[in-house]
Amino acid sequence: MSTGLEAYLREQGAPQSLSELILATADACVEIAQLVRFGAAGDLASASGAENVQGEVQKKLDILANDILLRDCAKAAGLKAMASEEMDDVVPVRDLDGEGWLLLFDPLDGSSNIDVNVSIGTIFSILPAPRTEARPAIEADFLQTGRAQAAAGYVVYGPQTTLVLTVTGAPAVFTLAADGSWTPSGATMSIPAKAKEFAINASNHRHWSEPMRAHVEGWLAGADGPRGRDFNMRWIASMVADVHRVLTRGGVFLYPWDKRMGEKAGKLRLLYEANPMTLLVERAGGASFDGKNGSILDTPVTGLHQRVSVMLGASEEIAILIEAGL
Ligand code: P6P
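**Quick notes on the sheet that holds strand 6 (residues 120-128)**
With mixed pairing, the 8 strands of this open sheet are ordered in space as 4-3-5-6-7-8-9-10. Looking at strand neighbours, the two that pair on one side only are strand 4 (91-92) and strand 10 (182-184), the edges of this open sheet. Together, strand 8 (161-166), strand 9 (172-176) and strand 10 form the strand contacts of helix 1 (residues 3-12), whose direction differs from that of strand 8 by roughly 10 degrees. Packed onto the sheet, helix 3 (residues 60-73) meets strand 3 (79-84), strand 4, strand 5 (101-109) and strand 6 and runs at close to 155 degrees relative to strand 5.

Spelled out as structure tokens, the structure:
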């Protein structure tokens, strides 16, 4: 049941098949929200004993959330295929030759926070399926830049369960009501150009590039340092929660490349973490930087589980980071 969300999608002029997929994804997240809220009582917060393609230990909730999205979203008639952080390969759903969609998701981002009761979330991205003869989707169909996204969003499972979504315009915000419907929150997401708050895992300081170390030290020096003003710091270690804060009250979120990563461009995944979050941030007036090319939405895509250096949020701060040649 998604009442306010349906009205939003109509206002956005979304194609019926795209609206149906978004509604299916949002409704799957209602079920995941229940599991997150009450699952720990049933031991779902514990490790499953398995590892995903990233080599990360999968919690039982990771696997259950993934299965719920696979089951519920497959019902959307326009869905051609899905891809998930939790699965090595793409999952063909139906062989469409006309309009169709590809859904990518991180079913439960930040799941290492489940057992310490910290907000986690589901991130999703929707790409147009290439128009081809009716055939099963392949990985190459998914290798599109972030600019190609037809829609992107996340659900943060926190004190409130909140859906943040963009189809064409600025992010729209919905709160899960007791009756299971997504109710427009009325909030407007607009990121101020100047950052007062930064989010980064400061324990990685010694691994960063020299320019990144210098930039963060400028924040820490505050009014006594080169920036001439104080900054605040937050690090929840749950991307959905940290980026939701940036969208809600401004600032920047960084997970930059560091020496431990070697040839890998970063820690976070491009297609189903960085691209959807960046589309939301840039449509809220923010900016992004992938440490090399400019906007993360223009980062060339070479693989389904490709990683990327992530800097996103307040446009003036991102411009300084780009200028610093990070
Ligand atoms: P660290 C969660 O595992 C995640 O993928 C993001 O949600 C989060 O921003 C980051 O990793 C946290 O990483 O190194 O601080 O534990």
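From this point, the discussion proceeds with the structure in view.
**A word on the sheet that holds strand 12 (residues 232-233)**
The 5 strands are arranged 12-11-13-17-15 in an open sheet whose pairing can be described as mixed. Looking at the sheet topology across the chains shown, the edges are occupied by strand 12 and strand 15 (287-289). Helix 6 (residues 239-249) contacts strand 11 (197-199), strand 13 (252-255) and strand 17 (310-313) of the sheet and is inclined by roughly 150 degrees relative to strand 13. Relative to the sheet, helix 7 (residues 270-283) contacts strand 15 and strand 17, its axis offset from that of strand 17 by approximately 25 degrees.

**Digging into the pairing of strand 13**
Of the two faces of strand 13, the one carrying V252 and L254 and the one carrying F253 and Y255 are both buried. Pairing of strand 11 with strand 13 involves 2 bridges; the strand directions are parallel. Across the sheet, the residue bridging to F198 is V252, located in strand 13. Looking at chain direction, strand 13 and strand 17 are connected through 4 bridges and run antiparallel. By the bridge assignment, Y255 is partnered in strand 17 with V310.

**Here we look at the domain arrangement of the protein chain**
Under the domain assignment, the protein chain is made up of domain 1 (3-184) and domain 2 (197-324). Interface area, domain 1 with domain 2, both sides summed: about 2800 Å², of which 61% is carbon and sulfur. Three residues stand out in domain 1 for area buried against domain 2, namely I123, R147 and Y154, and they jointly supply 21% of the buried area on that side. Inspection of the region where domain 1 meets domain 2 yields 3 salt bridges. Taken together, the links from domain 1 to domain 2 amount to 14 residue pairs in polar contact (both at pLDDT 80 or more). Split into classes, the residues belonging to the side of domain 1 that touches domain 2 amount to 21 nonpolar, 16 polar and 8 charged.

Calculation rules
Residues numbered from 1 in each chain as written. Predicted model: local features only at pLDDT ≥ 70, side-chain atom pairs only at ≥ 80, totals over all residues. Heavy atoms only, no water. Pairing = 2+ DSSP bridges. Helix = DSSP H or I, 4+ residues; strand = E, 2+ residues; numbered from the N terminus. Contact = heavy atoms within 4.5 Å. Axes fitted to C-alpha atoms, helices over the stretch in contact; angles between N-to-C directions. Buried < 20%, exposed > 50% of the residue type's maximum accessible area, 1.4 Å probe, protein only. Domains from an automatic or database assignment. Buried area = accessible area lost by both parts, 1.4 Å probe. Salt bridge = Lys/Arg side-chain N within 4 Å of Asp/Glu carboxyl O. Polar contact = N/O pair within 3.5 Å; in protein donor to acceptor, adjacent residues only side chain to side chain. Nonpolar A, V, L, I, M, F, W, Y, C, P; charged D, E, K, R; others polar.

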